[in-house]
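As a plain string of letters, each chain reads:
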Amino acid sequence: MRPLGVHTSIKDSLINSINEAIALKCTTFQIFLHSPRIWQIPEFSVEVINEFKRLRQLYSLNPLIVHASYLINLISSNPKTIASSRYLLKREVLMADALEADYYVIHLKDNNDMGKDEIFAKTFEGFSKIGKLEKCKILIENTAKSKITALIPDLIETFKNIENENLGGICIDTCHLFAAGYDISTEEGISKFIEEISQYDAFDLIKLIHLNDSKAPAGSGIDRHEHIGKGHIGIKGFESFLRIEKLSNLPLILETPKKTPEDDLKNLATVRKILRKLES
Ligand SMILES: [Zn+2]
Ligand SMILES: [Zn+2]
C-alpha cells in the first residue's frame, strides 16, 4: 500500500506530532513547524531534533512533509510583509531541512494588483534567498482560487517560472482541485484533470497528494475540507481519483477536519478500505 498519513499536531511538542502519527499507524505524516498564523517561529533543541529523527527512523515514516505557514506572502504590495515573508520562508525551509523533511509544501499567494510576470519575478526573488538545501525539496500546492495556482496549466506555468534549485515539484490537493473546477466526482472531471496533466507531460512533477473531500461544490473556488466520503467528491470520486495509474505510488496526506481524535481514525479507515478495494 502506498504511504498514507495525516497532518499531525505539534501543539505540545515536536515529538507529539510523531507520536500521533505512530498511534494512527501512519506510514507518512505532515506537520507545521509552529502555529501557521503567527510570525514567531521557535528553535528546536538538538535533543528534540535527534529524538524526532530517531523515532521517525524506528517507525519508517516516509516521506516527512512540512507545511508552510499561511502568512508567507512573497508578492505582497507591502514591502514589510515581503521582508517578513522572506525571513520566515528561509527559517522554515532551513528547519525542515534540519529535520530531514523530504518536502516543504507551500501555497503561493495571488495578488490582484499584479500581473503574472511580476508575481513570478517576486516569487523567484523570494526563493533565491534560501540557498541550497541539503535534502528538503519545495513543492508548490494547487489552490482553490488563484490566477497562478488553481488551474493545472497555470500551476505548471508558475512552477516553471520560479526556477529554483530547491523546487522539487507540485502537490495536488483534491479539495482544491475540485473547488477550482475539476469535478473529480465524475469521470469527465477525472479525464479533464488527466488530459491537462498529460498535455504538459507533468505527471512526474506531482510528488504528493493532499486527500481531502470538499464541503463546497465543484467550481466554487471555496477551500473547505470535509471528511473523506462525506463531501461533494464522495467515495466514488475518491475511488476514481485513486485509480489513476500514474499517481498510484504517491504518498497521501489527509488534512480532513478534526473535532475528536476519532476523526483521523475514521478518515484513515475509509481511505484504507478504498485502497484495499482497488488493490484486490
Ligand atoms: Zn492541502
Ligand atoms: Zn485547503
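Residues numbered from 1 in each chain as written. Chains lettered and ligands numbered in written order. Predicted model: local features only at pLDDT ≥ 70, side-chain atom pairs only at ≥ 80, totals over all residues. Heavy atoms only, no water.

Labelled according to an unreviewed UniProt entry, the protein appears under the name Deoxyribonuclease IV, originating from Thermodesulfovibrio autotrophicus. On record in UniProt, under Sequence similarities (unreviewed entry), the comment for the protein is "Belongs to the AP endonuclease 2 family." The annotation that UniProt attaches to the protein under Cofactor (unreviewed entry) is "Zn(2+)". (UniProt positions renumbered as here; feature names shortened; annotations may be inferred.)

Novice: Can you help me understand the environment of leucine 275 in this one?
Specialist: Checked against the element boundaries, leucine 275 lands in helix α9 (residues 262-279). Residues leucine 275 and aspartate 12, spaced 263 residues apart in sequence, show a C-alpha to C-alpha distance of 32 Å. Excluding anything up to four places from it in sequence, leucine 275 contacts Met1, Arg2, Leu242 and Leu252. (Helix = DSSP H or I, 4+ residues; strand = E, 2+ residues; numbered from the N terminus. Contact = heavy atoms within 4.5 Å.)

Novice: Explain the UniProt feature "domain: Xylose isomerase-like TIM barrel" (unreviewed entry) in the protein to me, please; I cannot follow it from the model alone.
Specialist: In the UniProt entry, the feature "domain: Xylose isomerase-like TIM barrel" (unreviewed entry) is given for residues 21-265. The straight-line gap between the two end C-alpha atoms of residues 21-265 is 11 Å; of that span, 37% is helix and 15% is strand.

Novice: Before we go on, may I ask you to explain the coordination of the zinc ion (ligand 1) in this structure?
Specialist: Perfect tetrahedral coordination of a metal by four donors corresponds to 109.5 degrees between them, and perfect octahedral coordination by six donors corresponds to 90 or 180 degrees. Coordination of the zinc ion (ligand 1) by the protein involves Glu141 (OE), Asp173 (OD), His210 (ND1) and Glu255 (OE), with metal-donor separations of 2.2 Å. Around the zinc ion (ligand 1), the four donor atoms are arranged such that angles at the metal cover 86 to 174 degrees; this shape is classified as irregular. Every donor residue of the zinc ion (ligand 1) comes from the same chain, spaced as E-x31-D-x36-H-x44-E. In this structure, the zinc ion (ligand 1) lies 4.6 Å away from the zinc ion (ligand 2). Remark: glutamate 255 occurs in the loop between β10 (252-254) and α9 and histidine 210 occurs in strand β7 (residues 206-211); sequence separation between them is 45 residues. Of the two residues, histidine 210 and glutamate 255, both sit in the buried class. (Donors = N, O, S within 2.8 Å, 3.2 Å for Na, K, Ca; no water. Tetrahedral: all angles 85-135°; square planar, octahedral: opposite > 155°, others 65-115°. Buried < 20%, exposed > 50% of the residue type's maximum accessible area, 1.4 Å probe, protein only.)

Novice: When you look at the pairing of strand β4 (residues 103-106) in this model, what are you seeing that I'm missing?
Specialist: Note on strand geometry: in a regular strand, side chains alternate between the two faces of the sheet. Side-chain alternation along β4 places Tyr103 and Val105 on one buried face and Tyr104 and Ile106 on a second face that is also buried. Sheet topology note: the strand β3 (residues 64-67)/β4 ladder contains three bridges and is parallel. Within β4, the residue paired with isoleucine 65 across the bridge is tyrosine 103. The parallel pair β3 and β4 is bridged by helix α3 (residues 79-98), and the resulting crossover is right-handed. (Pairing = 2+ DSSP bridges. Right-handed = clockwise from strand over helix to strand, strands pointing away.)

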